[in-house]
Amino acid sequence: MHLFFQEKWEVEGLQTVGILLVVCSSLKLMHFLGLIDLSMEDSVEDDFELSTVCHRPESMDKLQEQTKFTKKELQVLYRGFKNECPSGVVNEENFKNIYSQFFPQGDSSTYAHFLFEAFDTNKNGSVSFEDFVFGLSIILRGTINDRLNWAFNLYDLNKDGCITKEEMLDIMKSIYDMMGKYTYPTMQDDAPRDHVESFFQKMDRNKDGVVTIDEFIESCKKDENIMQSMQLFDNVI
């Protein structure tokens, strides 16, 4: 994994690494919560109804209608979520603690903050089971456009419909900090800014200084590496 990311950091198109980190960090989070194991045969229907939690999720049937998961998959997802989050919600501090375990060699707090914001669609400072499942449904079962829209929303920090160089620089710095400078001793301090310039040369089609959702999706679909990274989501659960 180390050599893989090192090669990606050293080539043009750092947006590929950003997409891959969305993939890998999401998979790591699901593994941490025990969500990538469908070997359980026992029903957790009773847990769904009887557990004492601060936030009680919606019914399985309703969530099944609203997502692309089966009832059994939702049961397993809920079991893993509840085991690690007994209160029924995850706050930002929980998120940061989880990612600090994934990337102990660096500072993952800023990237974890950005990812938390992407899952916290209600902007109430917590991620419920529903929030988490809705996000996973897009990432794991959505169309290519759905997945790229989700990634764009992650990078569009102020949610105004476009990605600026300042926003992308914040994202690149957070990735660089998370992976750890000691992991890549040959990289210079201005590397994140250089990668942002590369990103905009490739994505900003009309050269107006911002990347729109249409430009982002069009460019990603023409990038073989990004399309291959999107396929890593297929058949996870």
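Criteria and cut-off values
- Residues numbered from 1 in each chain as written.
- Predicted model: local features only at pLDDT ≥ 70, side-chain atom pairs only at ≥ 80, totals over all residues.
- Heavy atoms only, no water.
- Helix = DSSP H or I, 4+ residues; strand = E, 2+ residues; numbered from the N terminus.
- Contact = heavy atoms within 4.5 Å.
- Areas by Shrake-Rupley, 256 points an atom, 1.4 Å probe, with all protein chains shown as cover.
- Salt bridge = Lys/Arg side-chain N within 4 Å of Asp/Glu carboxyl O.
- Buried < 20%, exposed > 50% of the residue type's maximum accessible area, 1.4 Å probe, protein only.
- Phe/Tyr/Trp six-rings, centres within 6.5 Å; stacked < 30°, edge-to-face > 60°.
- Lys NZ or Arg CZ within 6 Å of the ring centre and 35° of its normal.
- Axes fitted to C-alpha atoms, helices over the stretch in contact; angles between N-to-C directions.
- Parallel < 35°, antiparallel > 145°, perpendicular 65-115°, else oblique.
- Left-handed = near helix turned anticlockwise from the far one by under 90°.
- Nonpolar A, V, L, I, M, F, W, Y, C, P; charged D, E, K, R; others polar.
- Core = buried A, V, L, I, M, F, W, Y, C linked by side-chain atoms within 4.5 Å.

A. Just the overall build of the protein chain, in detail. Per the secondary structure count, the protein chain includes 13 helices and 4 strands. Relative to all contacts within the protein chain whose residues are 6 or more apart in sequence, the contacts with residues 24 or more apart total 68%. Surface accessibility of the protein chain: about 11,300 Å² in total, with carbon and sulfur atoms responsible for 49%.

B. Geometry of the pattern of salt bridges. Applying the stated criterion across every chain yields a total of 7 salt bridges. Residue K165 is joined to E197 by a salt bridge in which the shortest nitrogen-to-oxygen separation is 3.2 Å. Of the two residues, K165 is situated in helix α10 (residues 165-179) and E197 in helix α11 (residues 191-203); the sequence distance between them amounts to 32 residues. When its relative accessible area of 33% is taken as the criterion, E197 is described as partly exposed.

C. Looking closely at the packing of aromatic side chains. Summed over all chains, the structure comprises 11 aromatic pairs. Relative to F129, the ring of Y78 lies with its centre 5.1 Å away and its plane at 75 degrees, an arrangement referred to as edge-to-face. In this pair, Y78 sits in helix α5 (residues 71-84) while F129 sits in helix α8 (residues 129-141), placing the two residues 51 residues apart along the sequence. On the accessibility criterion, Y78 (3% relative accessible area) is buried. F129 gets classed as buried once you look at its relative accessible area, which sits at 1%. Both rings, one in F199 and one in F200, keep their centres 5.5 Å apart while their planes meet at 65 degrees; by these two values the pair is edge-to-face. For the pair F199 and F200, one class covers both residues: buried. Taken together, the ring pairs connect Y78, F81, F95, Y99, F116, F119, F129, F132 and W150 into an aromatic cluster. Its end group placed over the ring of F200, K165 keeps NZ or CZ at 5.8 Å from the ring centre.

D. Main features of the environment of I213. Tracing the backbone shows I213 in helix α12 (residues 213-221). A residue is classified by how much of its surface remains accessible, and I213, at 21% relative accessible area, is partly exposed. It is 7.2 Å that separates the C-alpha atoms of I213 and N149, two residues lying 64 residues apart in sequence. The residues contacting I213, other than those within four sequence positions of it, are N149, F152 and G161.

E. Expanded view of the packing of α8 against helix α9 (residues 144-155). Where α8 contacts α9, the two axes come as close as 7 Å, and the packing angle between them is 125 degrees. The orientation of α8 with respect to α9, classified from their angle, is oblique. Handedness of the α8/α9 crossing: left-handed. Residues G135, I138, I139, L140 and R141 of α8 form the contact with α9, whose own contacting residues are D146, R147 and W150. Of the residues assigned to the contact of α8 with α9, the class counts are 4 nonpolar, 1 polar and 3 charged.

F. Structural context of the nonpolar core. Core analysis: the biggest nonpolar cluster contains 53 residues, and Y99, L115, F119, L148, M168 and F216 have the highest contact counts within it. Each residue touching F119, except ones within four places of it in the same chain, is listed here: F95, V127, D131, F132, G135, L136, I139 and W150.

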